[in-house]
Amino acid sequence: MNDWPYPLWIAHRGAGRLAPENTLAAFRVGAGYGYRAFECDVKLSADGVPFLLHDDTLDRTTPERGIAGERSWHELSRLDAGGWQGRPFAGEPLPSLDAIAAYVRRNGFALNIEIKPTTGLERATGEAVGQACLRLWQGEAPPPLLSSFQPEALAGAKATAPGLRRALLLETLWPGWFERAQALGCVAVVTDYALMDAALIAQLHGAGLRALCYTVNDPPEARRLLALGIDGLITDAVNRFAPAPGALFD
Ligand code: G3P
Ligand code: MG
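Residues numbered from 1 in each chain as written. Chains lettered and ligands numbered in written order. Predicted model: local features only at pLDDT ≥ 70, side-chain atom pairs only at ≥ 80, totals over all residues. Heavy atoms only, no water.

**Considerations on the overall build of the chain**
Item 1. The number of helices and strands found in the chain is 8 helices and 9 strands.
Item 2. Relative to a compact globule of 250 residues, whose C-alpha radius of gyration would be 18 Å, the chain shows 17 Å and is just as compact.
Item 3. Judged by the C-alpha coordinates and their principal axes, the chain covers about 45 × 40 × 35 Å.
Item 4. Across the 250 residues in the chain, those meeting the buried criterion constitute 54%.
Item 5. Contacts spanning at least 24 positions in sequence make up 54% of the contacts within the chain whose residues lie at least 6 apart.
Item 6. Carbon and sulfur atoms make up 51% of the accessible area of the chain, which amounts to about 10300 Å² in all.
Item 7. When the 23 basic and 28 acidic side-chain charges of the chain are each reduced to a single mean position, those positions are 5 Å apart. (Helix = DSSP H or I, 4+ residues; strand = E, 2+ residues; numbered from the N terminus. Rg over C-alpha atoms; globule rule 2.2 N^0.38 Å. Buried < 20%, exposed > 50% of the residue type's maximum accessible area, 1.4 Å probe, protein only. Contact = heavy atoms within 4.5 Å. Areas by Shrake-Rupley, 256 points an atom, 1.4 Å probe, with all protein chains shown as cover. Lys, Arg positive; Asp, Glu negative; His and termini not counted. Charge placed at Lys NZ, Arg CZ, Asp CG, Glu CD.)

This is the structure in structure tokens:
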């Protein structure tokens, strides 16, 4: 099995149910619950700056409307990405990947960057995120884990940052996924938790790949996956699952 420097428990979108997802405020909440690894979604501004946002559009999580990737970083960086989650978070900005890297590196946390390209920019986003990670981490441990549902995005990251670990995200087991993950040099596969079973973990571990799941918020489901030997669990329920070894459930 490949070397794996990441904690078992990973806070989803920072800790994006208790604070505005994909903001520094969410990371701080997750850290407050003892989390030491975080997942976030990264895409590019119109001028090529990697920043955190899940959706293609600004509609759900900011007061603005339209495609986020069509705006400059100057414009995006001034938006309120927190107010939709309540008054305490009003004014919380959309973070750049640079800002999040500063936070996780300073605290020794691990980061799983989901490359979440604006539709049509898969390859370019992967390339830019790979480049940014080399600049931001400069070989410091633990290095970010780069994941994506889009093989083209992983191919872009592989082109610019071949030494960073990659993981293929799967919502379904589409034909050829296993060969594609291997061709992309992935060290892990991250599936919807409902897809993960003993046979799939055996297939992945047999090929030297780690097996992770998203988004596991239900204690019985977490117990099932842990009993199977899962390598990572991405969760929104940071107030429910205690990440410290031996203290699994709060
Ligand atoms: O990275 C795993 C998970 O975040 C994938 O789903 O839609 O929450 O980005 P989504
Ligand atoms: Mg994600």
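**Comments concerning the coordination of the magnesium ion (ligand 2)**
Item 1. Bound to the magnesium ion (ligand 2) on the protein side are Glu39 (OE), Asp41 (OD) and Glu114 (OE), at distances that span 2.0 to 2.2 Å.
Item 2. Taken in chain order, the donor set of the magnesium ion (ligand 2) reads E-x1-D-x72-E. Across this residue pair, the class does not change: Glu39 and Asp41 are buried. (Donors = N, O, S within 2.8 Å, 3.2 Å for Na, K, Ca; no water.)

**Re the site of ligand 1**
Item 1. The immediate surroundings of ligand 1 are formed by His12, Arg13, Glu39, Asp41, His54, Glu114, Lys116, Phe149, Leu169, Tyr214 and Ile234.
Item 2. Within the side chain of His12, an N or O atom sits 2.8 Å from an oxygen atom of ligand 1.
Item 3. When ligand 1 is considered free in solution it has 290 Å² of accessible area, and contact with the protein chains removes 90% of it.
Item 4. Residue classes in the shell around ligand 1 are distributed as 4 nonpolar, 2 polar and 5 charged. (Near = heavy atom within 4 Å. Polar contact = N/O pair within 3.5 Å; in protein donor to acceptor, adjacent residues only side chain to side chain. Nonpolar A, V, L, I, M, F, W, Y, C, P; charged D, E, K, R; others polar.)

**Observations regarding the side chain of Thr118**
Item 1. Inspection of the secondary structure puts Thr118 in the loop between strand S4 (110-115) and helix H4 (122-137).
Item 2. Beyond its immediate stretch of four places on either side in the chain, Thr118 contacts Lys43, Leu44, Asp56, Ile67 and Gly69.

**With respect to the nonpolar core**
Item 1. Residues Phe27, Leu111, Ile113 and Met196 are the most contacted members of the largest nonpolar core, which totals 54 residues.
Item 2. Those residues within four positions of Phe27 in sequence are excluded, and the remaining contacts are Gly14, Phe38, Cys40, Leu52, Ile100, Tyr103, Val104 and Leu111.
Item 3. Counting residues in hydrophobic clusters, the runner-up holds 14 residues, among them Ala37, Ala110, Val187 and Leu212. (Core = buried A, V, L, I, M, F, W, Y, C linked by side-chain atoms within 4.5 Å.)

**Observations regarding the pattern of salt bridges**
Item 1. Under the defined criterion, the tally for this structure stands at 13 salt bridges.
Item 2. In this structure, Glu114 and Lys116 form a salt bridge, with 2.8 Å as the shortest nitrogen-oxygen distance.
Item 3. Look at Glu114 and you get buried, because its relative accessible area is 5%.
Item 4. Salt-bridge contacts for Glu221 lead to Arg224; the nearest nitrogen and oxygen are separated by 2.5 Å. A residue pair is termed a helical-turn pair when its members lie 3 or 4 positions apart in one helix, as Glu221 and Arg224 do in helix H8 (residues 219-228) at 3 residues.
Item 5. Residues participating in the shared-partner salt-bridge network are Arg13, Glu21, Asp55 and Arg60. (Salt bridge = Lys/Arg side-chain N within 4 Å of Asp/Glu carboxyl O.)

**Re the pairing of strand S9 (residues 232-235)**
Item 1. Of the two faces of S9, the one carrying Gly232 and Ile234 and the one carrying Leu233 and Thr235 are both buried.
Item 2. Here 3 bridges tie strand S1 (residues 9-11) to S9, and the two strands are oriented parallel to one another. Each bridged residue has a counterpart across the sheet, and for Ile10 the counterpart in S9 is Ile234.
Item 3. Bridging between strand S8 (residues 210-214) and S9 involves 2 bridges; their strand directions are parallel. Bridge pairing in S9 places Cys213 opposite Leu233.
Item 4. A crossover connection joins S8 to the parallel S9 through H8; in handedness this β-α-β unit is right-handed. (Pairing = 2+ DSSP bridges. Right-handed = clockwise from strand over helix to strand, strands pointing away.)

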